[in-house]
Amino acid sequence: MVGFMTSEIRVLDALLEQRSATRPEIAVATSLSKPAVSQAIRRLEQASLVRPAGVRPSAGRGRSAIAYELQPETGCVAGVDLGGMNIRILLVGLCGERLVGAVEATRPVGAAEVVDQAIALVDRVKRENGFEQLPLLALGVSTPGAVSPSSHRVSLSYNLGQDDEFDLESLLRRRGVSLLALDNNVNCAAQAELRHGGTGPAPTFAFLSAGAGIGMGVVCEGRLLRGRHGAAGEIAYMPLATDPFAPEHRRRGALEDEASAAGMLDAAARRTGWPDGCPQTVERLFDLAASGVPAARAIVAREAKLLAMAISSVCTVIDPDLVVLGGGVGSNPLLLTAVEESVELLLPYPPEMRITTLGAEASVVGAAELALELAHGELRRRATAG
């Protein structure tokens, strides 16, 4: 009986991977006999997990074969990124296909309110795009701050307007979420980059996100480093400032105060020489730098040096193959060459450096991957139930 159930799971996994396949194709993918595949498909149909997906013409003289697919009505998953600037959501089908995404400006007035905003956005997007009746099997959530590996409590999440530690898991479960996975937003981005980005054969790499906050996800020999408190990669607290012991750096960290989007705009406000007034967004600041405005170029150059010092400090410990830059600040092309040049001046063995290929969606893609893992586990359980 165990072997028979294993056949069902192997067939299910093959369909999750290929989305649609005939019995001969499944037999090749799973190394199961054709009778074993037929039995497994029959039981998966009885469990309402698999259905015929039409006839696929034969390439040769053989008979046409019936293709099978996962029941579309089985459900979907959602990834949610609780960003300090924006909430992003991504609805994904159970074979990993993108259904719809959405973004909304965050109202950073506390964790409970941000969670309410995110869940309302998921519900609205499902309703407005015709997915209201599609069950949400699992939710993956990326959040700023340190997520405790043992308790899943979140701390250092100031960008949500939350000063104290909070229980994100409980906040979500009170809103009807059952299958749930949580992780730090930059860890989610690093995992997404590992699976879908441009890391290539780089088993050890770092993902540095600079935007509303500063953080790093570190993958060492293919495994994400979390640390005792879930705070591995909280490089916002690196003592990279004129006075790293200044009391004002205690809350968010010296590097974040200096190198985040707000830090760059604060630096701009202290300068003169702006052609049309002080820039109010980092996008405008980078545009001015690209057009040659000296004050803007000086701020961007300083930002590059700060990020290069942070990267070099990490590289002396883990010696990565690759560093990926992301976030609203870090992914700007103006920074890449300047950061590379500074890192080369600081390190004898500088790593390769790239900008993320996933853009602003890196964290939400990683969150959706967490949800897919949970949903696939639930489908395997259903495939072998009874």
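Residues numbered from 1 in each chain as written. Predicted model: local features only at pLDDT ≥ 70, side-chain atom pairs only at ≥ 80, totals over all residues. Heavy atoms only, no water.

1. Overview of the overall build of the chain
To keep it simple, the criterion reads: Numbering of helices and strands starts at the N terminus; helices are DSSP runs of H or I of at least 4 residues and strands are runs of E of at least 2. Partly exposed residues are those whose accessible area sits between 20% and 50% of the maximum for their type, while under 20% is buried and over 50% is exposed, using a 1.4 Å probe and protein chains only. For every accessible area listed, the method is Shrake-Rupley and the probe measures 1.4 Å; residues are considered covered only by the protein chains on display. Think of it this way: Lys and Arg go in the positive column, Asp and Glu in the negative one, and His and the chain ends go nowhere. Charged side chains are reduced to one point each, which is NZ for Lys, CZ for Arg, CG for Asp and CD for Glu.
Looking only at helices and strands, one finds 13 helices and 15 strands in the chain. For the chain, the C-alpha atoms occupy an extent of roughly 75 × 45 × 40 Å along the three principal directions. The burial tally for the chain puts 49% of its 386 residues in the buried class. With the model as given, the accessible surface of the chain reaches about 18100 Å², and the carbon-plus-sulfur share is 51%. Taking the 37 positively charged and 44 negatively charged side chains of the chain as two groups, their mean positions are separated by 8 Å.

2. Considerations on the environment of Pro350
One can find Pro350 in the loop between helix H12 (333–346) and strand S15 (352–355). Exposure remark for Pro350: the relative accessible area of 35% places this residue in the partly exposed category.

3. Here's the deal with unusual backbone geometry
The phi dihedral of Arg19 falls on the positive side, at around 70°, and the residue is not glycine. Relative to the helices and strands, Arg19 is located in the loop between helix H1 (2–18) and strand S1 (20–22). A residue is classified by how much of its surface remains accessible, and Arg19, at 43% relative accessible area, is partly exposed. Notably, Asp319 is not glycine yet its phi reads approximately 50°, a positive angle. Considering the arrangement of structural elements, one finds Asp319 in the loop between helix H10 (294–318) and strand S14 (322–326). Since its relative accessible area comes to 53%, Asp319 is described here as exposed.

4. A look at the pattern of salt bridges
For the record, the criterion: Each salt bridge in this description consists of a side-chain nitrogen of Lys or Arg and a carboxyl oxygen of Asp or Glu lying within 4 Å of one another.
Scanning the model with the defined rule gives 19 salt bridges in all. A salt bridge links Arg107 to Glu104; the nearest nitrogen and oxygen atoms lie 4.0 Å apart. Across the salt bridge formed by Asp116 and Arg175, the nearest N and O atoms sit 2.4 Å from each other. With Asp116 in helix H4 (residues 111–128) and Arg175 in the loop between helix H5 (168–173) and strand S10 (180–184), the pair connects residues that are 59 residues apart, well separated along the chain. Accessibility expressed as a relative area gives 41% for Asp116, which makes it partly exposed. You can call Arg175 partly exposed: its relative accessible area is 26%. Three or more residues are tied together by salt bridges with common partners; here these are Glu104, Arg107 and Arg124.

5. Quick word on the sheet that holds strand S2 (residues 50–56)
The test is simple: Here the rule is simple: two strands pair whenever DSSP picks up at least two bridges between them. Axis definition: a line fitted to C-alpha atoms, limited for helices to the stretch in contact. Angles are taken between N-to-C directions and run from 0 to 180 degrees. Contact criterion: two residues are considered in contact whenever any of their non-hydrogen atoms come within 4.5 Å of each other.
Here we have three strands laid out as an open sheet, ordered S1-S3-S2, and antiparallel in their pairing. Edge positions in the open sheet fall to S1 and S2, since each of these has one partner strand only. Pairwise comparison of adjacent strand axes, ignoring direction, gives a mean angle of 35° for this sheet. The pairing of S2 with strand S3 (residues 65–70) spans five bridges and is classified as antiparallel. Bridging across to S3, Arg51 finds its partner in Glu69. On the sheet, helix H2 (residues 23–30) packs against S1, S2 and S3 and is oriented at approximately 100° with respect to S1.

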